[in-house]
Amino acid sequence: MEIWLHHIMQWLALPEHGLSTVFVVAFVSATLLPMGSEPAVFGLVKLNLDLFWPAILVATAGNTLGGMLSWWMGWGTRHAVSRWRDSSSHARALVWLEKLGPKACLLSWLPGVGDPLCAVAGWLKLPFWPCTLYMAIGKFFRYLVMTALLLWVFPGQL
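A. Focus on the packing of helix H4 (residues 52–76) against helix H7 (residues 128–153). For the pair H4 and H7, the least separation of the axes is 8 Å and the interaxial angle reads 140°. Relative to H7, the element H4 is oriented oblique. For the pair H4 and H7, the sense of crossing is right-handed. Looking at side-chain class alone, the contact of H4 with H7 contains 19 nonpolar, six polar and two charged residues.

Listed below in structure tokens is the structure:
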């Protein structure tokens, strides 16, 4: 098992497979697994500044696809959580999300709450494609702002 994991890590190592690594890390980090993809994006761009826009776009695509998977997981588990429907916090969250609709997925970039928000959007059966569009917009701007800040605003901090 350890040898297999070592080979996988070598294959995903930067910069040999940089964009594919960014895609995989961004995808996995958009699911409910606790992982951040910004360091992978920043690391690749720091090693090769010419990959700024491709890295941002690939990370956005991977993270959006991961958000779409979370949406589908939420959609599929809608009936499994029926026992929590009567709680007051659940009712407030439902009212807020139903009021905002797919636009709530703009907040999918937020750490800690963004990825579960995508799952809840699926659970509420909010429209899939509008949710995907708003997820992509929010995630794109997160990668753009985070990477630009690390490269040009705080370059000597790392």
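B. Summary view of the packing of aromatic side chains. Throughout the structure, instances matching the rule amount to ten aromatic pairs. Considering the side-chain rings of phenylalanine 128 and tryptophan 129, the 4.8 Å spacing of their centres and the 75° angle between planes classify their relative orientation as edge-to-face. Across the ring face of tyrosine 143, the terminal group of arginine 142 is positioned such that the distance to the ring centre comes to 4.4 Å.

C. Expanded view of the pattern of salt bridges. Taken as a whole and judged by the stated rule, the model has two salt bridges. For glutamate 38, the salt bridge is made with arginine 142, and the minimal N-O distance between the two is 2.9 Å. On the criterion of sequence distance, the pair formed by glutamate 38 in helix H3 (residues 38–47) and arginine 142 in helix H7 is long-range, its members being 104 residues apart. For glutamate 38, a relative accessible area of 17% gives the class buried. On the accessibility criterion, arginine 142 (13% relative accessible area) is buried. Lysine 139 is the salt-bridge partner of aspartate 115, the closest N and O atoms lying 3.7 Å from each other. One end of the pair, aspartate 115, is in helix H6 (residues 114–123); the other, lysine 139, is in helix H7, and 24 residues separate them in sequence. Of the two residues, aspartate 115 and lysine 139, neither departs from the other in class, the shared state being buried.

D. Inspection of helix H5 (residues 88–100) at higher detail. Helix length check: H5 (13 residues) gives 19 Å between terminal C-alpha atoms against 18 Å at 1.5 Å per residue, within 8%. Listed in full, the buried residues belonging to H5 are His90, Leu94 and Leu97. For H5, the angular spread of the buried residues around the axis is 75°, confining them to a single face. Exposed residues pointing more than 90 degrees away from the buried face of H5 are listed as Ser88, Arg92, Val95 and Lys99. At its buried positions, H5 is contacted by H6.

E. Focus on the environment of methionine 146. Relative to the elements of secondary structure, methionine 146 occurs in helix H7. A relative accessible area of 36% places methionine 146 in the partly exposed class. Expressed as a C-alpha distance, the spacing of methionine 146 and glutamate 38, which sit 108 residues apart in the sequence, is 7.3 Å.

F. Spotlight on the packing of H5 against H6. The N-to-C vectors of H5 and H6 enclose an angle of 80°; their axes lie 11 Å apart at closest approach. Relative to H6, the element H5 is oriented roughly perpendicular. Contacts from His90, Leu94, Trp96 and Leu97 in H5 reach Leu117, Val120 and Trp123 in H6. Grouping the amino acids of the contact of H5 with H6 by side-chain chemistry returns six nonpolar, one polar and no charged.

The rules behind each value
- Residues numbered from 1 in each chain as written.
- Predicted model: local features only at pLDDT ≥ 70, side-chain atom pairs only at ≥ 80, totals over all residues.
- Heavy atoms only, no water.
- Axes fitted to C-alpha atoms, helices over the stretch in contact; angles between N-to-C directions.
- Helix = DSSP H or I, 4+ residues; strand = E, 2+ residues; numbered from the N terminus.
- Parallel < 35°, antiparallel > 145°, perpendicular 65-115°, else oblique.
- Left-handed = near helix turned anticlockwise from the far one by under 90°.
- Nonpolar A, V, L, I, M, F, W, Y, C, P; charged D, E, K, R; others polar.
- Phe/Tyr/Trp six-rings, centres within 6.5 Å; stacked < 30°, edge-to-face > 60°.
- Lys NZ or Arg CZ within 6 Å of the ring centre and 35° of its normal.
- Salt bridge = Lys/Arg side-chain N within 4 Å of Asp/Glu carboxyl O.
- Buried < 20%, exposed > 50% of the residue type's maximum accessible area, 1.4 Å probe, protein only.
- Expected span 1.5 Å × (residues − 1).
- Arc of directions from axis to C-beta.
- Contact = heavy atoms within 4.5 Å.

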